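# Commentary on secondary and tertiary structure
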Amino acid sequence: MLSVAATTPAHARRANINAKSPLNAAAETPWDIINSPNTSSTESNRLWSTACASSSECWAVGDHYPGNSVTSAQTLIERWDGNSWAIVSSPNVGTYDTLTSVTCVSASDCWTVGNYLTAAPAYLTLIEHWDGSSWSIIPSPNAIGSSNNFLFGVTCVSSAECWAVGYATNGNTLGSGYDTLIERWNGTAWSVVSSPNVGTGQSSRLLSVTCASSTECWAAGYSYIGSDADARTLIERWDGTAWTIVESPNALTAQNFLVGVTCVSASNCWAAGYTNDAGVTSAHQTLIEHWDGSSWGIVSSPNTSSTQHNWLTGITCASASECWAVGYYIGSTYLNLIEHWDGSAWTVLTPPNNGSSLNLLYGVTCASTSECWAVGVFSTGSAWQTLTERHLVPPVTLAGVVSRKVHGSGGTFDVDLPLDGSGIECRSGDINNDYTLVFTFAEPLMSVGGVSVTSGTGSVSVGTIGTDAHQYIVELTGVANAQRLGITLSNVYDVAGDITSSVSVTMKVLIGDTTADGFVNSGDIAQTKSQSGQVVTAANFREDLTADDSINSGDISLVKSKSGTALP
């Protein structure tokens, strides 16, 4: 039977079982379990961390080992290619090799960190790099005078600047305690960078790191004296020159741990973990803190119950109003825990569990605002197996786009603009070269982040949701003739909860091209003449080039003046 050691999950990645009271399993959830491979069904496989370079390039790292022989663990790396997860070969150094964190700069530049056990025995840092073809071990330093070195977090600002954090024993000042360990990649090599500790006689551990820029990085963890029964939060900041300890609050008088940290911007960062007040309650509760650019403060975070253990082990943000924290709680057994920040408050969601066995989530990342991943483990009773879950919000459904003009008292007529870019607007934009585009969606809109001209000549004067909330109206001005104009809506949300980060359409503009063949010539002149004097209808509105509800000599003259022009 698989055993679960009773130690703190922040630094030992374990848990103990002693309570009941599960969440409402019938509640809806936007997370789904996605199949992920294992080395075998009888070998334990664990995933600690995940990162994405894009929606079709994600990684999850951890370790695997036979039976209960965790001391013989070897590295485990899995890759998502947009369709499925697959195990990718990864190198090892010692008799025990584990990977605890992963990050990506691009599809061909990813890093993962952890540690390995030597024959001495001693734990030493382990860093591996993905170059687009394979993973390889990159030399990594260890703290001078330390017998054991552990790396738990990694992040990159660019291909020439990455950070890894953890902790190392220091017999010279702390006996069997720990000092913080921070390492930096400069594009050529990793080196140990000086990092502060809470004080002599105390242990200081860092478990996660993130950067908003090259001069704004944060590392989070905890410190304690003697044992972690009196643990206090620990947050350190890189200002481009040095790491310093920044004051961070504690929720209770004992046991305050920060396990994950992430930043949306220099003035918007989050840290997550858990807390417990020894002697007052036996249940750990979630702990979330926020940096507003001036100070760290505790933000209210929910729990499944005040009498159930709740732990948060990872946190990420896709935007200022889209953050996720993951972990687990004790219900009928260990069950997955996911919390969501919507820009106003944190709420508990009901994520799926793999059967009724142990389920624990450790890491979370987002490829976009509409696609996030969480990884961890579940128990089969005799072995841990990998667990990957995906939050995938369906894209908004665009029903169509038209270029709309009012033809005097004759009515409103639309030129269809198919998404393949084949639609041609042949009517004049009048003195200011103005056009109106109408995007129509299957569901009413909640919000649109913005609209812009992404190619061609023209500018947006107005972008707004219409009186019919299914429509988004874009007013354009200064639109040049004989061009392909690209217009893009960003961060489109509808009432069904669907999200699309980018909705684009191309409008071809060629004044006088009544035949929509990409050229203005005798064919267009003849077609316009043939409709001269006719009532403007849906069948011939293209010949009313001036949109004045009259097909006459003015339209014929306009076509003749544009004869010889063509789309590029």
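### Details of the pattern of salt bridges
Pairs may arise between side chains of opposite charge once their charged atoms sit close together. What the rule picks out here adds up to seven salt bridges. Of the charged contacts, one joins arginine 404 and aspartate 414 as a salt bridge, the two residues approaching to 2.8 Å between their closest N and O atoms. In this pair, arginine 404 is assigned in strand 29 (residues 398–406) and aspartate 414 in strand 30 (residues 412–416), connecting sequence segments 10 residues apart.

### So, the pairing of strand 13 (residues 190–193)
Where strand 12 (residues 178–185) meets strand 13, four bridges bridge the pair, whose relative direction is antiparallel. Bridge pairing in strand 13 links isoleucine 182 to valine 193. Count of turn residues in the strand 12/strand 13 antiparallel hairpin: four residues, of which glycine 187 carries a positive phi of about 100°.

### A few points about the confidence of the model for the protein
Of the residues in the protein, 93% reach a pLDDT of 70 or more, and the chain-wide mean stands at 91. For the stretch residues 1–28, pLDDT sits under 50, and the model shows 81 contacts to residues farther than four places along the chain or on other chains.

### Side note on the sheet that holds strand 2 (residues 43–54)
One open sheet accounts for four strands, arranged 2-3-4-5; its pairing is antiparallel. Both outer strands of the open sheet, strand 2 and strand 5 (85–88), are each paired with one neighbouring strand and no more. The average undirected angle you get between the axes of adjacent strands in this sheet is 25°. Relative to strand 4 (residues 74–80), strand 3 (residues 57–66) is paired through seven bridges, and the arrangement is antiparallel. Bridged to cysteine 58 within strand 4 is tryptophan 80.

### A few points about the packing of aromatic side chains
As enumerated under the stated definition, the model contains 34 aromatic pairs in all. When the centroid spacing of 4.7 Å and the interplanar angle of 55° are considered together, the rings of tryptophan 80 and tryptophan 373 count as tilted. Residue tryptophan 80 is located in strand 4, and its partner tryptophan 373 is located in strand 27 (residues 371–379); the two are separated by 293 residues in the primary sequence. Tryptophan 373 carries the same exposure label as tryptophan 80, and that label is buried.

### Here's the deal with the pairing of strand 17 (residues 243–246)
Working note: regular strand, side chains alternate between the two faces of the sheet. The pairing of strand 16 (residues 232–238) with strand 17 spans four bridges and is classified as antiparallel. Residue pairing for strand 17: arginine 237 is matched across the bridge by threonine 244. From the end of strand 16 to the start of strand 17, which pair antiparallel, there are four residues, and glycine 240 there has a positive phi angle of about 100°.

### As for the nonpolar core
Considering soluble globular proteins, one finds that nonpolar side chains tend to be buried as a cluster. The biggest cluster of nonpolar side chains holds 37 residues, and the ones touching the most others in it are Leu437, Phe439, Phe441, Tyr472, Val474, Ile487 and Leu489. Those elements that provide at least two residues to this core are strand 30, strand 32 (435–441), strand 33 (445–455), strand 35 (471–477), strand 36 (483–494), strand 37 (499–509) and helix 3 (553–562). With sequence-adjacent residues up to four places away left out, isoleucine 487 is seen in contact with Leu437, Phe439, Val451, Ser452, Thr454, Val474, Leu476, Val503, Ser504 and Val505. Listed in part, the 25 residues of the second largest apolar core include Tyr222, Tyr328, Leu360 and Trp384.

### Quick word on the sheet that holds strand 17
Within a sheet, adjacent strands bond to each other through the backbone by hydrogen bonds, running parallel or antiparallel. The antiparallel open sheet is built from four strands, whose spatial order is 14-15-16-17. The two strands at the open ends of the sheet, each matched to only one other strand, are strand 14 (203–213) and strand 17. Averaged over all neighbouring strand pairs, the angle between strand axes comes to 25°, with direction disregarded.

### What about the state of the cysteines?
By definition, a disulfide links the sulfur atoms of two cysteines through a covalent bond. Evaluation of the coordinates by the stated rule reveals seven disulfides. What pairs with cysteine 104 in a disulfide is cysteine 110, and their sulfur atoms sit 2.1 Å apart. Since a negative S-S torsion denotes a left-handed disulfide, the cysteine 104-cysteine 110 link at about 105° is right-handed. Between cysteine 263 and cysteine 269 runs a disulfide, and the two sulfur atoms are separated by 2.0 Å. What sets the handedness of the cysteine 263 and cysteine 269 disulfide is the S-S torsion sign, and at about 100° it is right-handed. The exposure class of cysteine 263 is buried, given its relative accessible area of 12%.

### Quick notes on helix 2 (residues 522–530)
Of all the residues in helix 2, the buried ones are Asp524, Ile525 and Thr528. Down the axis of helix 2, the sector holding all buried residues measures 100°, keeping them to one side. Each element contacted by the buried residues of helix 2 is listed here: helix 3. Put simply, asparagine 521 is the residue that caps the front of helix 2, since its side-chain oxygen is 3.0 Å from the backbone nitrogen of glycine 523.

### Some points on helix 3
Turning to helix 3, its buried residues are Asp555, Ile556, Leu558 and Val559. One face of helix 3 carries all of its buried residues, which in axial projection span an arc of 160°. In this structure, helix 3 carries Ser553 and Ser561 as exposed residues pointing more than 90 degrees from its buried face. Against helix 2 lie the buried residues of helix 3. Where helix 3 begins, one side-chain oxygen reaches toward the backbone nitrogen of glycine 554, 3.0 Å away; that side chain belongs to asparagine 552. Looking one or two residues beyond helix 3, the residue adopting positive phi is glycine 564, at roughly 100°.

Conventions adopted
Residues numbered from 1 in each chain as written. Predicted model: local features only at pLDDT ≥ 70, side-chain atom pairs only at ≥ 80, totals over all residues. Heavy atoms only, no water. Salt bridge = Lys/Arg side-chain N within 4 Å of Asp/Glu carboxyl O. Helix = DSSP H or I, 4+ residues; strand = E, 2+ residues; numbered from the N terminus. Pairing = 2+ DSSP bridges. pLDDT = per-residue confidence, 0-100. Contact = heavy atoms within 4.5 Å. Axes fitted to C-alpha atoms, helices over the stretch in contact; angles between N-to-C directions. Phe/Tyr/Trp six-rings, centres within 6.5 Å; stacked < 30°, edge-to-face > 60°. Buried < 20%, exposed > 50% of the residue type's maximum accessible area, 1.4 Å probe, protein only. Core = buried A, V, L, I, M, F, W, Y, C linked by side-chain atoms within 4.5 Å. Disulfide = S-S within 2.5 Å. Arc of directions from axis to C-beta. Polar contact = N/O pair within 3.5 Å; in protein donor to acceptor, adjacent residues only side chain to side chain.

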